[in-house]
Amino acid sequence: MVALRERWNEPIPGSEALADDLIARYVGRNRRAFRDHYLDTVLSALDSLLQLSTDPTSVRLAAWFHRAVHEPGGEAGEDAEASARLAEQLLPQYGVAPIRIAEIARLVRLTGELATPPTDSYAPPRRDANGDVLLDAVNSVLATDPSRYAAHAAEVRRDAGERTIAMARRYDEVRALLDGHLYRTQLARQRMGAIARVNLETELTGLDSELPAPWRGWQQAALTAAATFSAIAAVVVAIAAAGAPWQVPVVDVESGWPPIGLAVFSFVSAPLLFRSARSNTQRAKLVSGTVLAVATTGLLVAWAQVPTTNPAVGVGLRVPLLISALILLLVAGTAAMVASLLRTRAARYTPTRNVGQQLAWLAVPGVIALILLLIVQPLSRNYVLDSNERVEGTAPPAGSAPRSVLDGRVAWVSRALTGAGAEEAVSTPYGIAVPRQTGSVEMLDAATGELRWRYSRSDSDEKPNIAATGDGRYVLAEFTDIGYLLLDAETGHRQAAWPGRTRDHAIVQADPLLTRQEVSRGSDKLRGVDPDGNERWSYEPGRCTSVEAAATADTVVAFLGHSCDDNPDDIVGLDLKTGKELWRKSPSNLFRRSVVVGGLVVVAEQGEEANTPGALVAVEPRTGEIKWRWPVPRNWSCRTFLSPAGKLLVVVDCPGPDTRQNNKTVVAAIDAASGRTAWQTTAPVSPRARVAVTEDARVVSLSRGFDGCYANTIARTGLRRTRLPEGISCSRDIRAVGNLLLTSGNSSIIALR
């Protein structure tokens, strides 16, 4: 107190009482911070800086008053405002001029917002010499002896109230001070700047070790992890790109070094980007910038080299994969650059291990892996699918299919269809879909045979397998190298591509859709699938169990064959929407050969001969109940071909022994509702000929006579033989589309009138 009294130096004549009052305030018992030694430090610093001010007396008095009023836990702004009012109240009693009182009050209020000076404070637009000197003197406490500074910092935190809150607030204050300039005058920066920064960093280190910081630093950790693992992901994608073609068909001279070079560069970049993201040096920014430049240049070059597609040349999978790898490398470089730019000197005091950072390091690679699986892979596949497909034709309104009366004339002949035939044609409400050897699907108008649309691909030259699904609204085309594609039967545009994992699935039934997958040798899994390939349910009956199935509008009847034990085969009813098991039976004498007609599933019951059925059995699919049983005559001995025809079940077989000499075919039409025979006809037609069954229950086959090709029609009224025009290939199968019969020419499809 005596030392402070000596520092008064009579700035105001006859003001000893004022000095005693102010000193008493700084040494008051209720004070825990900003006591007499704090004021002594400020006044000592002020002595060396006062020469820079324009009104030394006002600055000195402001220093004495700036913390004269202080409440424990109070804010600096509150103290400054109360102290300024105290000065305005007391100083007039000592004859201080009003203009000086106003300046003193202004300077005191400045100390309430003791923010660090901005970066351009070396040359501010308007200097405040008095304010700069006072604020630098107040901040001189930051540059005191380390032990004295530690005591001051402890007093400030103790004065602030609840310990955790006080430490958190002080942590933010110290970080803010370290992020800017500590002093405003050049003299103060030279004398106190370095010492003050060391003291603040030491305090920050102590605060950091004591403060609970479960999340602090997660942003920096996330950016570092993103830089590292994006580069690693670029390595994986680039290696995958190396094994894929740049264009299809593959060119022998196609170079494989670009993706390998990119993989090597990304692999080397990963640890460098990790270090760069954790540093704010120029070298770190140079490394990140180099990676960004390489990735950007690579993207521009790759985009310029993308093959131009045409019917003979398509884009390979390497194109999207290589571009994806370059984008991942671009993300890695950007993350490292941002992390480096955001990193400050105080950032090294961020905790090295906490929950936030650990979660960031765990979450980021998981997110990148999900991006690869759910975004990069599907987008790459879709890019190839979109780039290599084309739809031709205007898709005019579809005509109705006529009924073939077989009068020996031709209804229409399609244009040349190389590698296509009537036996592979598929009926839809919008026409007749035909697969072609050139890797395309064509839709012909059922009334005229004219082309409605053609879907073709540049990346496939093999004939797809096709089927109608979704009540004929879609054509499901299986391309060997691509998988299942869903085409709109009306327009030919692709509606969906089945997921890649379904490429090895076999179509058990096209409408409604059932697929089968072999999960192990002799064991199958049955799946209920939507037209777009999404799985609704799966049914796996167990080890060493094969599956066949037939489906009605709401039920699946599955036939399970057990190969590892002597248990009898099972028949199981499943709900079509959910796959839930409805019933199970184990009849030991039923074939798996099945057909759906009239809402019932008809299966063959084994007869005395291993390959000859003893009866046909109709199963009610919802309950498994046997609705009717139709005995197969014992003298029938051929293939027992079953086909639905409206509300009738048509059975084709041969009476007598199954020998080359037997040239008779028997056809029986069974009422699907009752199981009674509607009619039966035996005709002198070879039972070995392939037949087509029309919707009105006519059974038609082709045979060659001495003067040409004939159509043999077996119906309720008996046998009718019709000589067909020239140009029809008798060696190829006939096909029924509703009541329209299709045959094949050398390179065309021929509809019979």
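Overview of the structure. (Residues numbered from 1 in each chain as written. Predicted model: local features only at pLDDT ≥ 70, side-chain atom pairs only at ≥ 80, totals over all residues. Heavy atoms only, no water.)

### Brief notes about the state of the cysteines
Where two cysteines share a covalent bond between their sulfur atoms, that bond is called a disulfide. As a reminder of what qualifies: The disulfide criterion used throughout: a pair of cysteine sulfur atoms within 2.5 Å. A run of H or I in DSSP counts as a helix once it spans at least four residues, and a run of E counts as a strand once it spans at least two, with each numbered from the N terminus. Note on exposure labels: buried denotes an accessible area under 20% of the residue type's maximum, exposed denotes more than 50%, and partly exposed covers the range between, all computed with a 1.4 Å probe on protein chains only.
Enumeration over the complete set of coordinates arrives at two disulfides. For Cys638, the disulfide goes to Cys654, at an S-S distance of 1.7 Å. Around the S-S axis, the bridge from Cys638 to Cys654 shows a dihedral of about 80 degrees and counts as right-handed. Here Cys638, found in the loop between β24 (626–631) and β25 (641–645), pairs with Cys654, found in the loop between β26 (648–653) and β27 (665–671); they are 16 residues apart in sequence, far enough to count as distant. Through a disulfide, Cys709 is tied to Cys730; the S-S separation comes to 1.8 Å. Across the S-S bond linking Cys709 and Cys730, the dihedral sits near 85 degrees, which makes this disulfide right-handed. Of this pair, Cys709 sits in strand β31 (residues 708–715) while Cys730 sits in the loop between β32 (718–723) and β33 (735–737); the two residues are 21 residues apart in sequence, bridging distant segments of the chain. For the pair Cys709 and Cys730, a shared accessibility class is recorded, and that class is buried.

### Here we look at helix α8 (residues 146–159)
Selection rule: One less than the residue count of a helix, multiplied by 1.5 Å, gives the span that helix is expected to have. Directions pointing from the helix axis toward each C-beta atom define the arc. Any pair of residues with heavy atoms lying within 4.5 Å of one another is described as a contacting pair.
Look at α8: 20 Å from first C-alpha to last across 14 residues, which is about the 20 Å you get at 1.5 Å a residue. Within α8, the full set of buried residues consists of Tyr149, His152, Ala153, Glu155, Val156 and Asp159. One side of α8 holds all its buried residues, which, seen down the axis, span an arc of 160 degrees. In this structure, α8 carries Pro146 and Ser147 as exposed residues pointing more than 90 degrees from its buried face. Buried residues along α8 sit in contact with α3 (36–49), α9 (163–178) and α10 (186–210). Phi turns positive one or two residues past the end of α8, at Gly161, with a value near 110 degrees.

### Thoughts on the sheet that holds β31
Convention followed: Paired strands, in this sense, are two strands between which DSSP finds at least two bridges. The axes are straight lines fitted to the C-alpha atoms, using for helices just the contacting stretch, and the angles between their N-to-C directions are given from 0 to 180°.
Reading across the sheet, the four strands line up as β29-β30-β31-β32 and stay open at both edges, with antiparallel pairing between neighbours. On the outer flanks of this sheet lie β29 (691–693) and β32, each paired with one strand and no other. Within this sheet the neighbouring strands show an average axis-to-axis angle of 25 degrees, counted without direction.

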